[in-house]
Structure formats: C-alpha cells, structure tokens
Amino acid sequence: MPKKASATKMQAARKKRTREHVIESLSVAHVQYFVANAGFTMASSKEDYGYDLVVTTFDRDGYMDPLAVYIQLKASEILTPHADGVSYCFDLDVRDYNQWADEINPVFLILYEASSIRAYWLYFQEYLRQAGAPKPKKGAKTIRVRVPKANRVKTSFFRHARHLKQNVHAKVNGSQAHA
C-alpha cells in the first residue's frame, strides 16, 4: 500500500499566500473604493513596468476624459516615517524615476499602510519640479523620495488627480506638459 504523504510535506510542496500578498490585495481594494466613489474606473496590470494601476476619469455627463492617471502602488504593514515628521520615506527604483520623469500622463506614487488602513500619494512630476528635489546619484539603484502624510488618499484625491490630468492635457495641446 502506498505511503501517505505527511501534511507538513504536502504543505511545503504547495504555494502559500503570504501576509505580503494579503497586504497587496488590501492596497488595491483600498484604492479601488475611492476610484469608484469618484465615478472613475481602474485597471490593474499583472506585469510591473512601472505602473500598477491606470485610472480612467469621466466628466459629469459620463464621457471619458482624454489621457489617464498612472499609479504605482506600494504596500507595507507599517510605512517608514521621515525624520521631518511630516512625510514617509520610500526608496524608489531609479528605473521608475527615469520612466516617470519622461511620462506625459500624471504619475502618482501611492504608499499603503496596512496597520492603519491608510494610503498617501505623491504627484511625481510635480515633486521633481520642487526646489531641492532629489536626483539619482550615478550608479544608484534607488532614490529616496518623501510622501507627505497630509496627502491622504480619499475620493477627493482622485477628483484632484482628474483636475491635474486636465491641466496636463491642456498643456500638451499647447506643448508644455507638467510645466
């Protein structure tokens, strides 16, 4: 008679849903709620080419707006506070930094904290225009950015993101995106 595999051996041979997977799912659901509440739609990408979510916005009559809002979503049990006390730190991949700096569509980095069930946003192109904005050092793989604690993700944030996207669209038509 064949020997039964022990439960421990069977579990070791199977894939396991980790806490990180759960936090990632929670972060997407958190953002999705506010996107839907604003009357917009969201698509997610399984591949990671610098953007996790693409938000499509609509006008008051339900017509789709031009351009999109790109989101890179990072989730953690607890976010890393910056020494300034008013922001969180995040070490951004320099490849994302370079890609986002050249992007026409507005790009937002969103940090989700599972322990508080809160998320915070950073409008990346605007961040780069600020005096003293960090620039990657030669050969660096990451660059530390700061995400303000005051920038809580809520329904109003997505309405604000739509407004910023409309400004970009107007400037693109006049050839000055994010200026």
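In case you missed it, the structure is sitting above this.
Report on the accompanying structure. (Residues numbered from 1 in each chain as written. Predicted model: local features only at pLDDT ≥ 70, side-chain atom pairs only at ≥ 80, totals over all residues. Heavy atoms only, no water.)

## So, helix 2 (residues 19-37)
And then number 1: Compared with the 27 Å implied by 1.5 Å per residue over 19 residues, the 27 Å span of helix 2 between its first and last C-alpha is a close match.
And then number 2: Residues of helix 2 that are buried include every one of Ile23, Ser27, His30, Val31, Phe34 and Val35, and no others. Projected down its long axis, helix 2 shows its buried positions confined to an angular sector of 130 degrees, all on one face.
And then number 3: Along its buried surface, helix 2 packs onto strand 1 (41-44), strand 2 (53-56), strand 3 (69-76), strand 6 (107-113), strand 7 (118-123) and helix 5 (155-173).
And then number 4: Positioned one or two residues after helix 2, Gly39 has a phi angle of 90 degrees, which is positive. (Helix = DSSP H or I, 4+ residues; strand = E, 2+ residues; numbered from the N terminus. Expected span 1.5 Å × (residues − 1). Buried < 20%, exposed > 50% of the residue type's maximum accessible area, 1.4 Å probe, protein only. Arc of directions from axis to C-beta. Contact = heavy atoms within 4.5 Å.)

## Some details on unusual backbone geometry
And then number 1: Even without being glycine, Leu67 reaches a positive phi, approximately 65 degrees.
And then number 2: Structurally, Leu67 is set in the loop between strand 2 and strand 3.
And then number 3: A positive phi angle, close to 55 degrees, is found at Ile117, a residue other than glycine.
And then number 4: As for its placement among the helices and strands, Ile117 is situated in the loop between strand 6 and strand 7.

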